[in-house]
Amino acid sequence: MRGIETPMKKLRKQVFTEVAKVAFESTNINDDIEAIPYRITPNEVPMYRESIYRERAISSERVRLAMGLSLRPDDEPVHVTAGLDASNVAEKYYEPPLMQVIPSACNMCEDNVYEVSNQCQGCVAHPCREVCPVGAITMVKGKSFIDKEKCIKCGKCKAICPYDAIAKKVRPCAAACGIKAISSDSLGRAYIDDKLCVKCGQCMANCPFGAIADKSQIFQLIQALKKGPVIAELAPAVIGQFGDDVRLWKIKAALKEIGFMDVYEVALGADIGAITEARHYVNEVKTGKLPFLLTSCCPAWSMLAKRTLPDMVETVSSALTPMVATARTIKGRHPEAKIVFVGPCAAKKLEASRTAVRSDVDFVITFEELEAIFAAKGIDMATYDCEEPIHDATGTGRGYAVAGGVASAIENCINEYYPGTEVYIEHAEGLADCQKMLLLAKAGKKDGCMIEGMGCPGGCVAGVGTNIAISKAAQAVRKFVKDSTTPLPPKEYSEIQLP
């Protein structure tokens, strides 16, 4: 539903904008935060739900998540701002878990249920009844009827119906999860198994009720901005996210007006990563030390790979992700500054807080959240006319934002700097396909390959924190890559020793 201005998108933006306004302007934060649900639903006429009371209850939970806090318990009174002081520190990213289901917002959708619609013609052949292996279909008042207690959900009735009169009901969030991390709780609401979830956020993007949300750091980031210095690093998928004619230079100027000390391209770290992974492939895979090499830039893919191949974790490239490589480069130049990664991805919030590899990233916000911060400061990117030059990267690193872009970047580096080396490329996008690719690799079917994995179908431009349609975003990135003055990073990048 990205790229469509739905009421759900407007509501999310309003919550983020109100929280950002409080962070920037309030002298009485607790009272102003508690008042946000009443600003969203200001009178007795509900805008989204059947009652103002449910609307405000849901908005209260959205506000908490927007401040990086967990949902309140159902069985005891807790203020909307409870826990804010403990959360408002630079050393804390958010209260885990990252992704949460708002119980009062969940529609309790039926999942994997077959039902006869009014398209049924009551035909004489009734093939649906004849193919049902358990006799779950009978004729009631001249129409087919499925006994849900008997139904084994084989789908044979749906497949054979000549009128397509049998619908399969699927919970949208569960259908979007490629690794089956979503089930139902005892009340029929969506439940996320945090042990399986890799935080890609596709469930959140596909829930039409907005019942699933990740936690934000916009409140904490704005507090840090007021103290300074803070430096932003922009993911390459940013192109086109704030308007067709809004190029990188304009976004940098707007960020500096808000209070950021400086702005870098994350594609700089991608350039470093492409060269590094090219060297790894040549030195490790082509020599037979490793059977294959998995890219490391997508945290959802990387987490899934390490879980699927626990005895082959060394096949995940040791190259720093673009976010981390760029952050370390910035820290080397500005050790006193805090760093915020601005990107399309919810999983980056998890990557920034992991302890296995020091990220040097203090905050992670999405393009959606940044759009709300611009709104809170009265910056309309459609009319904003300031620009400031930025040119930190090459076309290679900028292409990381689209599916296939990472593998293509590495292949181009190998062809340029290791001529004569045969490169075997595979790539998967979407967690279901990623899982299949990893199982094939585990079975020895992908030996000798450089394998790119992207948790989101379409790549980073399909991340849950994006503002525009995936196809439009991909087109904008490809043009950005094509227009880049330098196509490839220098080979010396592979020897960079980041702190």
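Residues numbered from 1 in each chain as written. Predicted model: local features only at pLDDT ≥ 70, side-chain atom pairs only at ≥ 80, totals over all residues. Heavy atoms only, no water.

K.L.:
Outline the environment of Ile258, supporting the account with residue identities and numerical values.
P.N.:
Structurally, Ile258 is set in helix α10 (residues 248–258). According to the relative accessible area criterion, Ile258 is buried, its value standing at 9%. Apart from residues lying up to four places away in sequence, Ile258 is in contact with Phe24, Leu225, Ile373, Phe374, Lys377 and Ile379. (Helix = DSSP H or I, 4+ residues; strand = E, 2+ residues; numbered from the N terminus. Buried < 20%, exposed > 50% of the residue type's maximum accessible area, 1.4 Å probe, protein only. Contact = heavy atoms within 4.5 Å.)

K.L.:
Describe in detail the state of the cysteines, supporting the description with residues and values.
P.N.:
Summed over the entire model, instances satisfying the criterion amount to zero disulfides. The thiol sulfur of Cys109 is not disulfide-bonded, and the nearest other cysteine sulfur, from Cys106, lies at 6.1 Å. (Disulfide = S-S within 2.5 Å.)

K.L.:
Let's hear about the packing of helix α2 (residues 29–40) against helix α3 (residues 52–66): which residues, and what values?
P.N.:
Here α2 crosses α3 at 135 degrees, and the two axes come no closer than 9 Å. Our classification of the angle between α2 and α3 gives oblique. Considering how the two elements wind past one another, α2 and α3 form a crossing that is right-handed. Between α2, through Ile33, Ile36, Pro37, Tyr38 and Ile40, and α3, the contact on the second element is made entirely by Arg56, Ser59, Ser60 and Val63. Residue classes in the contact of α2 with α3 are distributed as six nonpolar, two polar and one charged. (Axes fitted to C-alpha atoms, helices over the stretch in contact; angles between N-to-C directions. Parallel < 35°, antiparallel > 145°, perpendicular 65-115°, else oblique. Left-handed = near helix turned anticlockwise from the far one by under 90°. Nonpolar A, V, L, I, M, F, W, Y, C, P; charged D, E, K, R; others polar.)

K.L.:
Tell me about the packing of aromatic side chains, and please be specific about residues and values.
P.N.:
Within the structure shown, the criterion is met by two aromatic pairs. Between the aromatic rings of Phe242 and Phe367, the centroid separation amounts to 6.3 Å while the plane-to-plane angle is 80 degrees, which identifies the pairing as edge-to-face. With Phe242 in the loop between β9 (230–234) and α10 and Phe367 in helix α15 (residues 367–376), this pair connects stretches of sequence that are 125 residues apart. Among the residues examined, Phe242 registers a relative accessible area of 9% and is labelled buried. Each ring, one from Phe242 and one from Phe374, has its centre 5.6 Å from the other, and the planes form 70 degrees; the classification is edge-to-face. You can see Phe242 sitting in the loop between β9 and α10 and its partner Phe374 sitting in helix α15, a full 132 residues away along the chain. In this structure, Phe242 and Phe374 share a single accessibility class: buried. Among the aromatic residues, ring-to-ring pairing joins Phe242, Phe367 and Phe374 into one connected group. (Phe/Tyr/Trp six-rings, centres within 6.5 Å; stacked < 30°, edge-to-face > 60°.)

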